[in-house]
Amino acid sequence: MASSTDLDIVNVTKRFGSHAAVDDVSFSVAPGEFFSILGPSGCGKTTLMRMIAGFEHPTSGDIRIRGQSMIGVPANKRPVNMVFQSLALFPMMSVGENVAYGLTCRGVSRAEADERASRMLERVGLKGFGSRRVTALSGGQRQRVAIARCLVLEPTLVLLDEPLGALDLKLREHMKIELKQLQGTFNTTFAYITHDQSEALVMSDRIAVMNQGRFEQVGSPRELYHNPATPFVASFVGETNRLQGEAAAASNGTIAVRLPSGAVVQGQGKGAAKALAFVRPEAVALAQDPASLSNLPNRFEGRVSAVLFDGAASSLLIDTTGFEQPVRAVLPQAGPLAGIQVGAPVHVGWTADAMKVFAA
Amino acid sequence: MIAKQASRLTLFLLLAPAILWLGLLIVLPHVEILVLSFSERVAPRVYAFGFGNYLEFFTEPLYWRTFARTAFMSILVTALTLVLAFPIALYIARVAQGRLKAMLLLLCLLPFWVSELVRTLGWMILLRETGVISYALRSMGVASQPVELLYNDGAVILGLVYGGLLFMIVPLANALESLEPAVVEAGYDLGGSRWTVLRRIVIPHAMPGIVAGCIIVFMLTVGNFATPVLLGGKNGLWFTEQIYAQFITRFNWPQGAAFGMLLLLLSSAIVWLGLRLTGQSLGTTLKQA
Ligand SMILES: Nc1ncnc2c1ncn2[C@@H]1O[C@H](COP(=O)(O)OP(=O)(O)OP(=O)(O)O)[C@@H](O)[C@H]1O
Ligand SMILES: [Mg+2]
């Protein structure tokens, strides 16, 4: 049966005792898509992935790969392969044998398996490494062996469980780009799990944000970033300033939120007695002269309490009158405020569009 | 300078018990036995240097046949123990958790709280003609007459496997425990059947443990005395019995010494061969044990 999706998860629930690790989750992944599941530690990402791979069985719901239900199909018969968090390379085999393992399991002859393995190693940039022991590889090289070992089988779907978690920051940045390119050249569907929002944002076509066993929102990185559907997504994806208050009057599309100090902010969204408002640091405009912010509905004055210098990603923490937490704002290094010092007075402002309001 | 001497002295003092132990109990008797094995009795109480004791071994069929039988049976017992212990060790190392794991290991250890002799006598109580199993078979109507289950090779093998099991399970479980669960899962994930995963991942990983267990069990079995004698009776025909007979019954110490040396040679040769065939080194193997 032809199917327009590679993976369909239908109302899948997994309980360990009374605790639902995965709670009524549904989504689909299209062929060739890079799909990420992003969520904090313990939210059930690995459990979900292990159900797709066949190592756990859903308490209820269905898992379909290319339209075929995988319930009752053992892990070694599923057209999915997994890159484990710990990579799980076979230490008793050489690099070449690791890659050829899956092929020989399928009954491919030894000679052909070796041939295809060495071709695959060449494609991932490990030409001539076939006879090395896996213990004699660097972290990035092992990573590539683990992926080559899956891709050589030409699976419908590759599952990756935080494969970059064990690498140092520099290498992780590098592998992010490399993984994305690999996925592009092989045109294989990837389902990738991570708790690192920057990994998910950089690599994915679509991201599902998961929290406590449930999906909060599924969408493109841009959608999640600019139009978060829930307060959890707003605070988990990207840096943000979070304000708590109560919703006051709403008029022509904007809603006012009164902070405990009495200050009022204008935003967009829905609020109730209790409301949460979020504004991104890059949406906060800075000025020394309040006149230049006069067209913004949200205007406040404060004092710089910290300068977080990080090149292009530098930001300021500003103690703002009426706010419990300092406001974080991106500090453009090319602007007039680049040299601002701690203690300097500054005015902040943002549009109502930039402020998302949710009922808490 | 003085500090260095002092530290040497401490090292020497620390090593002294080990050296004494090795020297007095192992090296010295063996040198003595080696020397003894080359002395022939030319007349009553007159001995001369010669290879007669070794020649005697090759000319008397009973001796070398018993020898070969001991070697063969010991290898068989080792193999059986391995086959039996592997699933148990696999269960202990990979399935059982927490208290169950400790309980199972304790259960394996339990038979060793009584002496080997008592354990073997236990088997005799079960297996002899008037024993528990014979009685049960009769009362169930399976057998009409008392059944003698003792004094055959089966009984000897049973006793020896039972005695070796623990020494196989512990190094095996140790080796299997260090196998990362994700590696086994990856084996299945990439399409391996149970058999493939066992053959290509689990067994190669456990190899040092397998070899360590086999060496220990083989040595214990070859050198065992009570089990073949008690459970095998006249049919036991274990080489240690020949050594015992020469030393104690016949009072022919030089002959017994030659047999002892041959047994030592045999176990060393087979252990060496085993290490060679499996490509393991003694060092890594001993670490597992
Ligand atoms: N075999 C199990 N038995 C009982 N509870 C389990 C089992 N496996 C996972 N859990 C529980 O299910 C929840 C989700 O676990 P899971 O491993 O899926 O989290 P995760 O999102 O992958 O976290 P991390 O980012 O830390 O890897 C956790 O609360 C965990 O304690
Ligand atoms: Mg996880």
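Within each chain, residue numbers correspond to sequence positions counted from 1 in written order. Each chain takes a letter, starting from A, and each ligand takes a number, starting from 1, following the order in which they are written. Side-chain atom pairs in this predicted model are given and counted only at pLDDT of 80 or more, local residue features only at pLDDT of at least 70, and totals for whole chains, interfaces and linings cover all residues. As a convention, hydrogens and water are excluded, and side-chain values are obtained from all of the structure's heavy atoms.

## Some points on unusual backbone geometry
All names here are of chain A. Here the phi dihedral of D24 falls at roughly 55 degrees; this positive angle occurs in a residue that is not glycine. Partly exposed residues are those whose accessible area sits between 20% and 50% of the maximum for their type, while under 20% is buried and over 50% is exposed, using a 1.4 Å probe and protein chains only. Using a relative accessible area of 39% as the deciding quantity, one classes D24 as partly exposed. Of note, E162 is a non-glycine position whose phi angle comes to about 40 degrees, a positive value. The exposure class assigned to E162 is buried, which follows from its relative accessible area of 10%.

## What to know about the domain arrangement of chain A
Where the parts come together, the accessible area they lose is often given as the size of the interface. All names here are of chain A. For chain A, the assigned domains are domain 1 (7-232) and domain 2 (243-359). These domain limits were set by an automatic method or by a database of domain assignments. Here the C-alpha centroids of domain 1 and domain 2 sit 39 Å apart. A contact between two residues is defined here by any heavy atoms of the two lying within 4.5 Å. With eight residues of domain 1 at the interface, the matching set in domain 2 holds seven residues. Put simply, buried area is how much 1.4 Å-probe accessible surface two parts lose in total, over both of them, once they are put together. Between domain 1 and domain 2 lies a buried interface of about 550 Å² when both sides are counted; carbon and sulfur atoms form 57% of it.

## Considerations on the environment of G102(A)
Runs of H or I in DSSP of at least four residues are treated as helices and runs of E of at least two as strands, each being numbered from the N terminus. Take G102(A): it is sitting in helix α2 (residues 95-105). Relative accessible area serves as the criterion here: at 0%, G102(A) is assigned to the buried category. Separated by 48 residues in the primary sequence, G102(A) and C150(A) place their C-alpha atoms 7.9 Å from one another. Setting aside residues up to four positions removed in sequence, G102(A) forms contacts with L153(A) and L190(B).

## Points about the site of ligand 1
Residue and element names in this part refer to chain A. Only a single heavy atom is needed: when it lies within 4 Å of a molecule or strand, its residue is near that molecule or strand. For ligand 1, the full set of nearby residues is F16, H19, A21, S41, G42, C43, G44, K45, T46, T47 and E162. Whenever two N or O atoms come within 3.5 Å, that pair is a polar contact, provided that in protein one can donate a hydrogen and the other can accept it, and provided that, for residues adjacent in sequence, both atoms are side-chain atoms. Note that an oxygen atom of ligand 1 is positioned 3.2 Å from one of the backbone N or O atoms of C43. Within the side chain of T46, one N or O atom sits 2.5 Å away from an oxygen atom of ligand 1. In short, Shrake-Rupley with a 1.4 Å probe defines the accessible areas, and a residue's cover is counted only from the protein chains shown. When the free accessible area of ligand 1 is taken as 630 Å², the share hidden by the protein chains comes to 60%. For the shell around ligand 1, the secondary structure elements donating two or more residues are β2 (19-29) and α1 (45-53). Counting residues per element, the shell around ligand 1 draws most heavily on α1, which supplies three residues.

## Quick look at the pattern of salt bridges
Each salt bridge in this description consists of a side-chain nitrogen of Lys or Arg and a carboxyl oxygen of Asp or Glu lying within 4 Å of one another. The final tally for this structure, using the stated rule, is 16 salt bridges over all chains. Close ionic contact of E162(A) with K45(A) constitutes a salt bridge, the shortest N to O distance being 4.0 Å. Taken together, the residues span a long stretch of sequence, with E162(A) in the loop between β7 (157-161) and α5 (169-186) and K45(A) in helix α1 at a distance of 117 residues. With respect to class, E162(A) is no different from K45(A); both count as buried. Note that E239(A) is salt-bridged to R328(A), the shortest N-O span being 3.8 Å. One end of the pair, E239(A), is in the loop between α8 (231-236) and β11 (241-251); the other, R328(A), is in strand β18 (residues 327-330), and 89 residues separate them in sequence. Here R328(A) falls in the partly exposed class, since its relative accessible area comes to 25%. Sharing partners across several salt bridges, the network here consists of K14(A), R50(A), E56(A) and E185(B).

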